[in-house]
Amino acid sequence: MASIAILIDTPHGARLLAASSAREAALKAESVIATVAPTFLPVPISVECTSPDMADRLMNYLADVQMERLLAEVA
């Protein structure tokens, strides 16, 4: 049963991901972010789950993933 939902608004349309753990959610979201061209980053992301702390951690983690991709392009 999925307890975490992540919505990622990519240039090719919105992607809705469902996962039962934070690790699974992060891996799925990272794989979607990896398909987005750096020129379109950062993309809007929202996280819904039963734990506000977990949602905040996932949001911060995915923001960092996007920032790392942007910084890698500059270097």
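Look above for the structure.
Source: prediction; values computed, not measured.

The next thing to look at is the sheet that holds strand β3 (residues 45-49). Strands sit in the order β2-β1-β3 across an open sheet of 3 strands; the sheet is antiparallel. With partners counted over all chains shown, the strands left at the sheet margins are β2 (13-19) and β3, one partner each. Across the sheet, the axes of successive neighbouring strands diverge by a mean angle of 15 degrees, strand direction being ignored. As paired elements, strand β1 (residues 4-10) and β3 share 5 bridges and run antiparallel to each other. Looking at β3, one finds that I6 is bridged to V47. Contacts from helix α1 (residues 22-33) reach β1, β2 and β3, with the element oriented near 160 degrees to β2.

As a further point, take the environment of L62. For L62, the position within the fold is in helix α2 (residues 52-74). By relative accessible area, which is 0% here, L62 ends up buried. With residues up to four places along the chain from it excluded, the contact list for L62 reads I6, A26, A29, E30, I33 and I45.

What follows covers the nonpolar core. Formed by 19 residues in total, the largest nonpolar core has its most connected members in I6, I8, I45 and V47. Of all the secondary-structure elements, those providing two or more residues to this core are β1, β2, α1, β3 and α2. Looking at which element gives the most residues to this core, the answer is α1, with 5 residues.

What follows covers the pattern of salt bridges. Scanning the entire structure with this criterion turns up 1 salt bridge. Measuring nitrogen to oxygen at the nearest pair gives 3.3 Å for the salt bridge that ties E24 to K28. Of the two residues, E24 and K28 both sit in helix α1, 4 residues apart, roughly one turn of that helix. Residue classification places E24 among the partly exposed residues on the basis of a relative accessible area of 30%.

What counts, and where the lines are drawn
Residues numbered from 1 in each chain as written. Predicted model: local features only at pLDDT ≥ 70, side-chain atom pairs only at ≥ 80, totals over all residues. Heavy atoms only, no water. Pairing = 2+ DSSP bridges. Helix = DSSP H or I, 4+ residues; strand = E, 2+ residues; numbered from the N terminus. Axes fitted to C-alpha atoms, helices over the stretch in contact; angles between N-to-C directions. Contact = heavy atoms within 4.5 Å. Buried < 20%, exposed > 50% of the residue type's maximum accessible area, 1.4 Å probe, protein only. Core = buried A, V, L, I, M, F, W, Y, C linked by side-chain atoms within 4.5 Å. Salt bridge = Lys/Arg side-chain N within 4 Å of Asp/Glu carboxyl O.

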